[in-house]
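Residues per chain, in single letters:
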Number of protein chains: 2
Amino acid sequence: MGKDRKIDMVILGLLSHEDLTGYDIKKQIDEAIGFFWKGSFGSIYPALGEMEKAGQIKKLPDRSSGSREKIKYRITKDGKNALKEWLKEEQSSNDLKYETLLKLYFGGVEKPEVSIHNIELFEEKIKADLNVLKWYKSNLEKVLDNNEHLHYYLTVTFGIDTYEAYLKWCARSKKLLKERV
Amino acid sequence: MGKDRKIDMVILGLLSHEDLTGYDIKKQIDEAIGFFWKGSFGSIYPALGEMEKAGQIKKLPDRSSGSREKIKYRITKDGKNALKEWLKEEQSSNDLKYETLLKLYFGGVEKPEVSIHNIELFEEKIKADLNVLKWYKSNLEKVLDNNEHLHYYLTVTFGIDTYEAYLKWCARSKKLLKERV
DNA sequence: GTACTATGTATCAAAACGATATATCAAATT
DNA sequence: AATTTGATATATCGTTTTGATACATAGTAC
């Protein structure tokens, strides 16, 4: 039991809220948790098949007969238990890969302008994403009395706090690099 | 040429500073850039073999005859060009996977104590790593007049800034969760 | 002397990515 | 009315990466 596949936990977690298709799952990963997690169809669909075989999720009958195929999944008792087990595991790996920082670290082989430009590209992306997160936050604050939304709210504030730290760092770093031009 | 393999750029970047063995490369990834990038032997050794065939790096003669085998690599002109090309690419993907946030997001299916504990585990890890980064920073500040070290310094300050943002978020989040206990 | 840790190269199964194929449906364009 | 575009939906495939393991030598500690 209990392989070490992270995508399984993402799927179980999302299904613990509501029944979803593979496509729905991909959408939720991109839209709701995209700023701290990624996932692709290439891992979602195979996982759905294997998890169904393992009895952690089950297919729901497609009642919209005649139309396009659409497979909704529902979490089972076994699935819920696996999710709760994972939540209580002591170990959590936070895998961060900043290509921006990689380029900055090796930027010494090029002119400072190249590094400055790379920071600016990062900065623009972060500014745009930060606005989205702030909009999420203001919406969530209206319904914060609900216990369920608190968990989402906390991840959103995590995003906002780190993004704001990024932006301060960008400003200071550009300044230091420009002194060397 | 120029496949889209990130490990190639890590290897070229590290070799642009000095000649290294595969083992050295792994060590540098873990120790110097480990807080913003990861890499394993399983990707390093195959990449070294293919990059040598492609002419981006070359083996150096092992002069310590008789002793244990030890293969040092040196970057070639082709390799340096590939590195510079990559530095000038507009696109940079920053892939972040925070299992801690994933558990927090789905934490609603368990008692708040579970989420609080997970945040505390994250907090402890970050505090320890932050101390290391601060020690790096104070050492780097002594040699900051050197252009080469500025790039490393900037990545270290990135780590410090984001880790400090993490810690503030941890404190506020624990407080909000404890109110619900 | 022998156990333990660090150095060093290498491979393999499993996991994840990213691109692509295929097809339906709704909405906007021509 | 016909056509094109974009969103919805499932699925696979080659490539990359991870994480574990295997194997062997060198240096250090007890």
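Keep in mind the model is a prediction, meaning the values are calculated, not measured.

**Concerning the overall build of chain A**
Right, so step 1: Counting its regular elements, chain A contains seven helices and four strands.
Right, so step 2: Going from N to C terminus, chain A has its helices and strands arranged as α-β-α-α-β-β-α-β-α-α-α.
Right, so step 3: For chain A, whose C-alpha radius of gyration is 21 Å, the value lies well above the compact-globule estimate of 16 Å for 181 residues.
Right, so step 4: Projecting the C-alpha coordinates of chain A onto the three principal axes gives extents of approximately 65 × 40 × 40 Å.
Right, so step 5: Across the 181 residues of chain A, 47% fall into the buried class.
Right, so step 6: Taking the contacts inside chain A whose residues are at least 6 apart along the sequence as the reference set, 57% of them involve residues at least 24 apart.
Right, so step 7: Surface summary for chain A: the accessible area is close to 9,600 Å², and the carbon and sulfur share equals 50%.

**As for the pairing of strand β3 (residues 72-75) of chain A**
Residues and elements named next belong to chain A.
Right, so step 1: Residues Tyr73 and Ile75 of β3 are buried on one face, while the alternating residues Lys72 and Arg74, pointing to the opposite face, are not.
Right, so step 2: Where strand β1 (residues 20-21) and β3 come together, two bridges link them in antiparallel fashion. Residue Leu20 lies in a different strand from β3, and its bridge partner there is Tyr73.
Right, so step 3: Note: strand β2 (residues 57-59) against β3, three bridges, orientation antiparallel. From the neighbouring strand, Lys59 faces β3, where its bridge partner is Tyr73.

**Brief notes about the protein's contact with DNA strand D**
Right, so step 1: As a matter of local geometry, DNA strand D sits amid 23 residues, with Arg68, Lys70, Ile71 and Lys97 of chain A together with Arg5 of chain B nearest to it.
Right, so step 2: Restricting the count to atoms of DNA strand D within 4 Å of the protein gives a sugar and phosphate share of 63%.
Right, so step 3: With respect to DNA strand D, the backbone of Gly22 of chain A contributes an N or O atom lying 3.3 Å from a phosphate oxygen.
Right, so step 4: A distance of 2.8 Å separates a phosphate oxygen of DNA strand D from a polar atom in the side chain of Tyr45 of chain A.
Right, so step 5: Counting only elements with at least two residues in the surface near DNA strand D, the list comes to α2 (22-31) and α3 (41-54) of chain A together with α1 (6-15) and α3 (41-54) of chain B.
Right, so step 6: No other element matches α2 of chain A, which puts four residues into the surface near DNA strand D.
Right, so step 7: Residue composition of the surface near DNA strand D, by class: five nonpolar, seven polar and eleven charged.

**As for the relation of the copies chain B and chain A**
Right, so step 1: Each copy of the sequence occupies a distinct position, and chain B is placed on chain A by a rotation of 180° and an axial shift of 0.0 Å, giving an RMSD of 0.0 Å. The superposition operator between the copies reduces to a two-fold rotation axis. Every residue of chain B has its C-alpha some distance from the rotation axis, and the shortest such distance is that of Leu96 of chain B, at 2.2 Å.
Right, so step 2: Take the interface residues of chain B: 100% of them recur as interface residues in chain A, which is what a same-surface contact looks like.

**Topic: the domain arrangement of chain A**
Residue and element names in this part refer to chain A.
Right, so step 1: Segmenting chain A into domains produces domain 1 (6-88) and domain 2 (99-178).
Right, so step 2: Here domain 1 and domain 2 have C-alpha centroids that lie 29 Å from each other.
Right, so step 3: Of the roughly 470 Å² buried between domain 1 and domain 2, counting both surfaces, carbon and sulfur atoms make up 65%.
Right, so step 4: Counting across the domain 1 and domain 2 interface gives zero salt bridges.

**Digging into the interface of chain B and chain A**
Right, so step 1: The interface is formed by 67 residues belonging to chain B together with 67 residues belonging to chain A.
Right, so step 2: Summed over both sides, the interface of chain B with chain A buries roughly 7,200 Å², with 65% coming from carbon and sulfur.
Right, so step 3: Across the chain B-chain A interface, the total number found is six salt bridges.
Right, so step 4: In this structure, the connection of chain B to chain A is made through 37 residue pairs in polar contact (both at pLDDT 80 or more).
Right, so step 5: Within the residue set of the side of chain B that touches chain A, elements represented by two or more residues are α1, α4 (77-88), β3 (94-98), α5 (99-105), α6 (112-141) and α7 (147-178) of chain B.
Right, so step 6: When residues in the side of chain B that touches chain A are grouped by element, the largest group, 18 residues, is from α7 of chain B.
Right, so step 7: Partitioning the side of chain B that touches chain A into residue classes produces 32 nonpolar, 20 polar and 15 charged.
Right, so step 8: Here five bridges tie strand β4 (residues 94-98) of chain A to β3 of chain B, and the two strands are oriented antiparallel to one another. In the sheet register, Leu96 of chain A faces β3 of chain B, and the bridge partner there is Leu96 of chain B.

Procedures and definitions
Residues numbered from 1 in each chain as written. Chains lettered and ligands numbered in written order. Predicted model: local features only at pLDDT ≥ 70, side-chain atom pairs only at ≥ 80, totals over all residues. Heavy atoms only, no water. Helix = DSSP H or I, 4+ residues; strand = E, 2+ residues; numbered from the N terminus. Rg over C-alpha atoms; globule rule 2.2 N^0.38 Å. Buried < 20%, exposed > 50% of the residue type's maximum accessible area, 1.4 Å probe, protein only. Contact = heavy atoms within 4.5 Å. Areas by Shrake-Rupley, 256 points an atom, 1.4 Å probe, with all protein chains shown as cover. Pairing = 2+ DSSP bridges. Near = heavy atom within 4 Å. Polar contact = N/O pair within 3.5 Å; in protein donor to acceptor, adjacent residues only side chain to side chain. Nonpolar A, V, L, I, M, F, W, Y, C, P; charged D, E, K, R; others polar. Least-squares fit on C-alpha atoms with pLDDT ≥ 70 in both. Domains from an automatic or database assignment. Buried area = accessible area lost by both parts, 1.4 Å probe. Salt bridge = Lys/Arg side-chain N within 4 Å of Asp/Glu carboxyl O.

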